[in-house]
Amino acid sequence: MMNEPSHGNRPPTSRHRRIAFALAASVSLLAAGCGSEEPGLDAVSQSPTTLPAPTTTTTTTIPTTTIDFDRPIDQGIDPLDDGATPADVAALVDDMRGQTTNIAVQVERLAPFPGLPGPAVAQILDVSVSLAPADDEDRFPSTAVVRYRTPEPAAAMVKGSDDELRSLGWYKADDVTTATDGGELTEMRFLVSGRRPEELQLEASVESVDGATVVELRYTVLTAEDEAAPDDGPSYFERLSAWEDDLGFPNAAELQSVDVATAEDLGTLRVTYRLEADDEADAVASVAAAVNRGDYQLLGSDAAEPPGSGPLRLVGEDGTIVTVDFEPGGEDEVFEVVATTTFPVAPLDPS
């Protein structure tokens, strides 16, 4: 499952998970925010291939696959609506997955993402987005991850991505290739001169598997206010976190981040808060008293007598079930409160 870290005052722990990325040789990348190429990191030149005979030709081998990459495309392009409910988020995420003509356009429905259309044939397997409110400099932290598969050769996409990104001012800070059961896994990290990794970076890997290439790429960026929205309306963060208004949490609960992620046939939507309280019982009592005045109500035995410790279970007017967990917040008398709901997504048949 693509569990992504929350933002806010807690930096993402992205190095604990495999990041994957593949681009076709013809990908185009948004040049906004890109500086000049890192000095001393010129691409390695390749020696020309000597043909053994005039009749010999060089061809690109497409992996043999039993996966149906000729599926119909039935995706929208509209971003998440203002005031979206958990059901609205579930419907949009489900729509994003599957056969696609443009990976970047799909991810941009939920979060900022560079203009990387990817290979001509691809199927989005899973997506993960983590957004946070504006920081002290009015920049919105955002992380977007997309995992997809393609019939294109892994080696060709690795080289094509490196060449294209270098031409647009990115430089490759890390590049590791390891052997796997299915072939090879190449992990890369691209940066831009003059920008810190937490401000702008593209982490990626490309893996050969049986009959395809599986790709995952992770884009981390601090966006200016005018770039943090898909149109002239509310920001990505405001759209994805809109459902938490109905929870009716106490005003003392400070919203830190909102996340959505899919894995196989399950989606997870969550919001994270910072809440000051004397102890866990005080934090639980504060949340329990507040939600009973909102659109959600305590569920089951919690409604009769709220427990002295988490989790709490809530139910919305439409039947949405939300679990509220309480964890130490890393400071004295501070708790991290996480409200989570799950939803089914249509599984993508592997063949």
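Refer to the structure presented above.
One structure accompanies this document, and this report is about it.

1. What about the overall build of the chain?
- Scanning the chain for helices and strands turns up six helices and 13 strands.
- A burial count over the chain gives 48% of its 351 residues as buried.
- Looking at the chain as shown, the accessible area adds up to about 16,700 Å², and 48% of this sits on carbon and sulfur atoms.

2. Some details on the packing of aromatic side chains
- Inspection of the entire model under this criterion finds two aromatic pairs.
- Seen in terms of ring centroids, Phe113 and Tyr219 are 5.9 Å apart; in terms of plane orientation they differ by 70 degrees. Their pairing is edge-to-face. One end of the pair, Phe113, is in the loop between helix 2 (103-107) and strand 2 (122-131); the other, Tyr219, is in strand 7 (residues 212-224), with 106 residues separating them in the sequence.

3. Brief notes about the pattern of salt bridges
- Tallied over the entire structure, the rule returns 20 salt bridges.
- For Asp135, the salt bridge identified is with Arg139, shortest N-O distance 3.3 Å.
- As a salt-bridge pair, Asp174 and Arg189 come within 2.6 Å of each other at their nearest N and O atoms. Of this pair, Asp174 sits in strand 4 (residues 170-179) while Arg189 sits in strand 5 (residues 184-192); the two residues are 15 residues apart in sequence, bridging distant segments of the chain.
- Shared partners join several salt bridges into a network, and the residues in it are Asp135, Glu137, Arg139, Arg195, Arg196, Glu198 and Glu199.

4. Quick word on the nonpolar core
- Ranked by internal contacts, the top residues of the largest apolar core, which has 71 residues, are Leu240, Leu247 and Phe249.
- Not counting residues up to four positions away in its chain, the partners in contact with Leu247 are Val271, Tyr273, Val291, Tyr296, Leu314, Val322 and Ala339.

5. Some words on unusual backbone geometry
- In this model, Gly310 is joined to Pro311 through a cis peptide bond whose omega is 5 degrees.
- Looking at the element boundaries, Pro311 is found in the loop between helix 6 (301-304) and strand 11 (312-315).
- Look at Asp138: it is not a glycine, yet its phi comes out positive at around 60 degrees.
- You can see Asp138 is positioned in the loop between strand 2 and strand 3 (139-150).
- Positive phi values are uncommon outside glycine, yet Glu264 reaches one of about 60 degrees.
- On the secondary structure map, Glu264 appears in the loop between strand 8 (254-263) and strand 9 (266-276).
- For Glu264, a relative accessible area of 61% puts it in the exposed group.

6. Points about the environment of Asp231
- Relative to the assigned elements, Asp231 resides in the loop between strand 7 and helix 4 (236-240).
- Given a relative accessible area of 40%, Asp231 falls into the partly exposed group.
- When the C-alpha positions of Asp231 and Pro79 are compared, they lie 8.7 Å apart, and in sequence the two are 152 residues distant.
- In this view, Asp231 contacts Pro79 and Arg239; residues no more than four positions away in its chain are not counted.

7. Thoughts on the environment of Pro230
- Mapped onto the elements of the fold, Pro230 is located in the loop between strand 7 and helix 4.
- Put simply, Pro230 and Leu80 are 150 residues apart on the chain and 9.0 Å apart in space, counted from C-alpha to C-alpha.
- Here Pro230 is in contact with Pro79, Glu108, Tyr236 and Arg239, once residues within four sequence places are set aside.

8. Structural notes on the side chain of Thr213
- Here Thr213 is to be found in strand 7.
- Taking the relative accessible area as the measure of exposure, Thr213 reaches 1% and is therefore buried.
- Within the local environment of Thr213, its side chain forms a polar contact with the backbone nitrogen of Ala154, the two atoms lying 3.4 Å apart.
- With near-sequence residues (within four places) excluded, Thr213 lies in contact with Tyr148, Arg149, Thr150, Glu152, Pro153, Ala154, Met157, Val206 and Glu207.

Cut-off values and rules
- Residues numbered from 1 in each chain as written.
- Predicted model: local features only at pLDDT ≥ 70, side-chain atom pairs only at ≥ 80, totals over all residues.
- Heavy atoms only, no water.
- Helix = DSSP H or I, 4+ residues; strand = E, 2+ residues; numbered from the N terminus.
- Buried < 20%, exposed > 50% of the residue type's maximum accessible area, 1.4 Å probe, protein only.
- Areas by Shrake-Rupley, 256 points an atom, 1.4 Å probe, with all protein chains shown as cover.
- Phe/Tyr/Trp six-rings, centres within 6.5 Å; stacked < 30°, edge-to-face > 60°.
- Salt bridge = Lys/Arg side-chain N within 4 Å of Asp/Glu carboxyl O.
- Core = buried A, V, L, I, M, F, W, Y, C linked by side-chain atoms within 4.5 Å.
- Contact = heavy atoms within 4.5 Å.
- Polar contact = N/O pair within 3.5 Å; in protein donor to acceptor, adjacent residues only side chain to side chain.

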